[in-house]
Amino acid sequence: MNRMTVVAAAAALILSACAGNPEGKKAETADAVEAGESVGTAYNVDTTQSSLIWKGTKVTGFHEGTVDIKSGSLLVDNEAISGGNFVLDMNTISSTDLEGEYKGNLDGHLKNEDFFNVTEFPEATFQITQVTAGSSANNVVIAGNLTIKGISKNVTFDADVEELTETTVKVKADFNITRAEWGVNYSGKQDDLISKEINFKVNLVANKA
């Protein structure tokens, strides 16, 4: 093996180990905690107006897409969010950066045992366990139990309350999680490794019940 071949092989090895994470602040993760009883007025999540967008990166690029929010609610007490939950339909996980056969192949892969195993775990859930004031009047820090593939972890992240009225609540959050903590361990191809973190952009719109 000549020197140029050795250098090329070394460069390929280094590149394969450098799958940068998607842009986003990593959520703090801890063991799941028991959710206390929250009080407040219920606002039902409008699943047609709400969304979850995911993004994962790899050495050669990225993929992004959506998962449908199946149901959920937010609680409001003393003009502040006090609790809530939502359910994701994992059978709807879909890539939006691909079309045709390539999209079908990726979507199918995301649904099988390498990733989210939607046959065995058709839903993912999030249950708020604590809400505290954030860095500004419209910012809050939300902690909650995130359950994916039957594994529950408590995650803490920043969220922006864009609207809170007598009839409507609108909340947005943008954060990363380390996927292996929820048993999503597929590393990708040897020469095209996948990032350890996934980015979630959550947009919730809820209307007074």
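None of these values were measured; they are calculated from a predicted model. All residue numbers refer to positions counted from 1 along the written sequence of the respective chain. In keeping with the model being predicted, local features are shown solely for residues with a pLDDT of at least 70 and side-chain atom pairs are shown and tallied solely at 80 or more, while totals for entire chains, interfaces and linings include all residues. Think of the side-chain values as coming from all heavy atoms in the structure, minus any hydrogens and water.

All right, on to the overall build of the protein then. Secondary structure elements follow DSSP: runs of H or I no shorter than four residues count as helices, runs of E no shorter than two count as strands, and numbering proceeds from the N terminus. Helices and strands together make up the secondary structure of the protein, namely two helices and twelve strands. Each helix and strand of the protein, ordered N terminal to C terminal, gives the series α-β-β-β-β-β-α-β-β-β-β-β-β-β. Once the C-alpha set of the protein is aligned to its principal axes, its extents read approximately 70 × 35 × 30 Å. Type-normalised accessible area, obtained with a 1.4 Å probe on protein chains alone, sets the label of each residue: buried when under 20%, exposed when over 50%, and partly exposed for intermediate values. Classification of the 209 residues of the protein by burial places 38% in the buried group.

What follows deals with the confidence of the model for the protein. pLDDT measures how confident the predictor is about each residue, on a scale from 0 to 100. Summing up the model confidence of the protein, the mean pLDDT is 92 and the portion of residues at 70 or higher is 91%. Below a pLDDT of 50 lies the segment residues 4–17, which in the model reaches seven contacts outside its immediate sequence neighbourhood of four places, other chains included. Any pair of residues with heavy atoms lying within 4.5 Å of one another is described as a contacting pair.

So, on to unusual backbone geometry. For residues besides glycine, phi is generally negative; the peptide bonds are generally trans as well. Here the phi dihedral of N78 falls at roughly 55°; this positive angle occurs in a residue that is not glycine. Topologically, N78 is positioned in the loop between β4 (61–77) and β5 (80–95). In this structure N78 comes out as exposed when scored by relative accessible area, which is 71%. Even without glycine at this site, N117 takes up a positive phi of about 45°.

With that out of the way, let us pick up the packing of aromatic side chains. One pair of aromatic rings is described through two measures. These are the centre distance and the angle between the planes. Only Phe, Tyr and Trp rings are paired, with Trp represented by its six-membered ring, and only when their centres lie within 6.5 Å; those with planes under 30 degrees apart are stacked, over 60 edge-to-face, the remainder tilted. Inspection of the entire model under this criterion finds six aromatic pairs. Linked through ring pairs, F86, F126, F157, F175 and F200 together constitute an aromatic cluster. Any Lys NZ or Arg CZ found within 6 Å of a ring centre and within 35 degrees of that ring's normal is scored as a charge over the ring. In this structure, K55 packs its charged tip against the face of F62, placed 4.4 Å from the ring centre.

In this section: the environment of F175. The topology assignment puts F175 in strand β9 (residues 168–178). Taking C-alpha positions, F175 is 6.7 Å from K201, a pair spaced 26 residues apart along the chain. Not counting the four nearest positions on each side in its chain, F175 is found in contact with K25, A27, F157, I198, N199, F200 and V202.

This brings us to the side chain of N145. Among the secondary structure elements, N145 is positioned in strand β7 (residues 139–148). In this structure N145 comes out as buried when scored by relative accessible area, which is 11%. Polar side-chain contacts of N145 include one of 2.9 Å to the side chain of N154. If we skip the residues at most four places from it in the chain, N145 touches A32, V33, T125, F126, Q127, T129, K153 and N154. N or O atoms closer than or at 3.5 Å make up a polar contact, with two conditions inside protein: a donor-capable atom paired with an acceptor-capable one, and, for residues adjacent in sequence, both atoms drawn from side chains.

Right, let's get into the pattern of salt bridges. Think of a salt bridge as a Lys or Arg side-chain nitrogen and an Asp or Glu carboxyl oxygen that are within 4 Å of each other. Applying the stated criterion across every chain, the model contains seven salt bridges. The residue E123 makes a salt bridge to K70 at a minimum N-O spacing of 2.6 Å. In this pair, E123 sits in strand β6 (residues 123–133) while K70 sits in strand β4, placing the two residues 53 residues apart along the sequence. Residue classification places E123 among the partly exposed residues on the basis of a relative accessible area of 37%. Notably, a salt bridge pairs K170 with E163, separated by 3.6 Å at the nearest N-O pair. Taking relative accessible area as the criterion, E163 reaches 27% and is therefore assigned partly exposed.

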